[in-house]
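Remarks on the overall topology
Single-letter residue listing:
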Amino acid sequence: MHFPVSGVEVNPAIAFVVAFIISFFTSMGGVSGAFLLLPFQMTFLGYTHPSVSATNQLFNVVAIPSGVYRYFREGRMVWPLTWIVIIGTLPGVLIGAIVRLSWLPNPQHFKLFAACVLLYIGAKMGRELVGKNSIQSSKAESEKRFYEMIRRHRSKAGGMEMALKPVRVDYFNLKRLGYTFYDESFDVSFWGIFSLSFVVGIVGGIYGIGGGSIIAPFFVTFFGLPVYTVAGAALMGTFVTSVAGVLFYQTIAPFYPALSVAPDWMLGLLFGLGGMAGMYLGARSQKYVPAAKIKWMLTGIIIFTALKYMTDFFGY
């Protein structure tokens, strides 16, 4: 099937299945999968126009709501955390879109920068997984109890769904956010989350990756938050920034007649449908997977992507 806007020719079933597989695994860690779909489009489909960023964000818009719905239904949406992410990422994604079109129509140099950031995050996550300190071990107790409870219930109930204890927000103001997850309390800085979200929004606006690939590992690694509670907030933030990104790219497209700027709606929707199915099942399956395995998966994906960007930059 030929997609005239992007110039891509691909079997629709392949596009659907690729998006489904990527989203199934990445959604468990709060990552939409767009940051892996971007290299797939550029490397395997030959889609290198600036509009690939907008098409990638369109994928997020279609795919993410199913995953967010599952996390909301299970009471694992930390809404104050979600609002901080949204407020921070929205201005960032608009700045990122302008940077992408004005200074980085060729993404090679920024790929090297992104690779360094992702490699640092991935290495830090891997180091902490190999040799956890006492603080990290303490903060992981809620994750262990949550997983063990789910595992025991599943073995007794024959796979039936169970009612989960929702996340409880203890306090939320312009300085701190505190919440409780299975008897463990977590406290983070409002402005720390906001600043991270703003930077992530810029990165997401440039490449159309939404930012979940960066913000979810930061929540887990630097802020010490349990992966079972950050996935929904990271995905919701990615969804909102992607909506803004798609609208922005579509609006400014007439001002760049020499560039392909607006998203390829047919290709983006096709990827999105595959991602929608994958994210729903991934979000539903997350509670059955140990947190350490999810973190190892995120670490592997991040390091792989970083190395791929580096090899692209150096021409290997």
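Here, the structure is the one placed above.
Just so you know, these numbers come straight off a predicted model, no measurement behind them. (Residues numbered from 1 in each chain as written. Predicted model: local features only at pLDDT ≥ 70, side-chain atom pairs only at ≥ 80, totals over all residues. Heavy atoms only, no water.)

1. Some details on the environment of Gly-126
Considering the arrangement of structural elements, one finds Gly-126 in helix α5 (residues 108-130). The exposure class assigned to Gly-126 is buried, which follows from its relative accessible area of 11%. Residues contacting Gly-126, with those up to four places away along its chain left out, are Trp-296 and Thr-299. (Helix = DSSP H or I, 4+ residues; strand = E, 2+ residues; numbered from the N terminus. Buried < 20%, exposed > 50% of the residue type's maximum accessible area, 1.4 Å probe, protein only. Contact = heavy atoms within 4.5 Å.)

2. So, helix α10 (residues 227-252)
For α10, spanning 26 residues, the distance from its first C-alpha to its last is 37 Å, which sits close to the expected 38 Å at 1.5 Å a residue. The buried fraction of α10 amounts to 20 of the 26 residues, a majority that puts the element mostly inside the structure. (Expected span 1.5 Å × (residues − 1).)

3. Some details on the packing of aromatic side chains
With the rule as written, the count across this model stands at 13 aromatic pairs. The interplanar angle of 25 degrees and the centroid separation of 5.4 Å between the aromatic rings of Trp-79 and Trp-83 together place this pair among those described as stacked. One end of the pair, Trp-79, and the other, Trp-83, are both in helix α4 (residues 79-102), four residues apart, so they sit about a helical turn from each other. Residue Trp-79 is classed as partly exposed on the basis of its relative accessible area, which comes to 28%. Residue class for Trp-83 comes out partly exposed when judged on its relative accessible area of 43%. Chaining the aromatic ring pairs together yields one cluster made of Phe-172, Phe-190, Trp-191 and Phe-194. (Phe/Tyr/Trp six-rings, centres within 6.5 Å; stacked < 30°, edge-to-face > 60°.)

4. Regarding the nonpolar core
In this structure, Phe-59, Leu-81, Ile-193, Phe-219, Leu-225 and Phe-271 are the most contacted members of the largest nonpolar core, which totals 81 residues. Not counting residues within four places of it along the chain, the set of residues in contact with Phe-219 comprises Leu-81, Val-85, Ile-193, Leu-196, Gly-224, Leu-225 and Val-230. (Core = buried A, V, L, I, M, F, W, Y, C linked by side-chain atoms within 4.5 Å.)

5. Here's the deal with the pairing of strand β4 (residues 176-181)
Of all six residues in β4, five are buried; the element is thus mostly enclosed. Here strand β3 (residues 168-172) pairs with β4 via four bridges, running antiparallel. Bridge assignment links Arg-168 to a residue of β4, and that residue is Thr-180. Hairpin connection from β3 to β4: three residues lie between these consecutive antiparallel strands. (Pairing = 2+ DSSP bridges.)

6. Comments concerning the packing of helix α1 (residues 12-26) against helix α11 (residues 265-285)
Contact pair α1 / α11: the axes reach a minimum separation of 7 Å and the direction vectors enclose 30 degrees. Regarding the angle of α1 to α11, the classification is roughly parallel. Considering only the axes of α1 and α11, their crossing is right-handed. In this structure, α1 uses Pro-12, Ala-15, Phe-16, Ala-19, Phe-20, Ser-23 and Phe-24 to contact α11, whose residues at the interface are Leu-270, Phe-271, Leu-273, Gly-274, Gly-275, Ala-277, Gly-278, Met-279, Leu-281, Gly-282 and Ser-285. Here the contact of α1 with α11 is composed, by residue class, of twelve nonpolar, six polar and no charged. (Axes fitted to C-alpha atoms, helices over the stretch in contact; angles between N-to-C directions. Parallel < 35°, antiparallel > 145°, perpendicular 65-115°, else oblique. Left-handed = near helix turned anticlockwise from the far one by under 90°. Nonpolar A, V, L, I, M, F, W, Y, C, P; charged D, E, K, R; others polar.)

7. Here's the deal with the sheet that holds β3
With respect to topology, three strands assemble into an open sheet ordered β3-β4-β5, the strand pairing being antiparallel. Strands at the two margins of the open sheet, each flanked by one partner only, are β3 and β5 (184-189). On average, each strand axis in the sheet is tilted by 20 degrees relative to the strand beside it, whichever way the strands run.

8. A word on a nonpolar patch on the surface
Together, Phe-16, Val-17, Ile-21, Phe-25, Leu-273 and Met-276 make up a nonpolar patch on the protein surface, roughly 500 Å² of accessible area in all. Elements represented by at least two residues in the nonpolar patch include exactly α1 and α11. Examining the composition of the nonpolar patch, we find that four residues originate from one element, α1, more than from any other. Within the secondary structure, Met-276 sits in helix α11. With relative accessibility at 34%, the residue Met-276 sits in the partly exposed group. (Patch = residues over 30% accessible without salt bridge, like charges linked within 9 Å, V, L, I, M, F, W, Y side chains within 5 Å. Areas by Shrake-Rupley, 256 points an atom, 1.4 Å probe, with all protein chains shown as cover. Salt bridge = Lys/Arg side-chain N within 4 Å of Asp/Glu carboxyl O.)

Any link to function would need more than the numbers given here.
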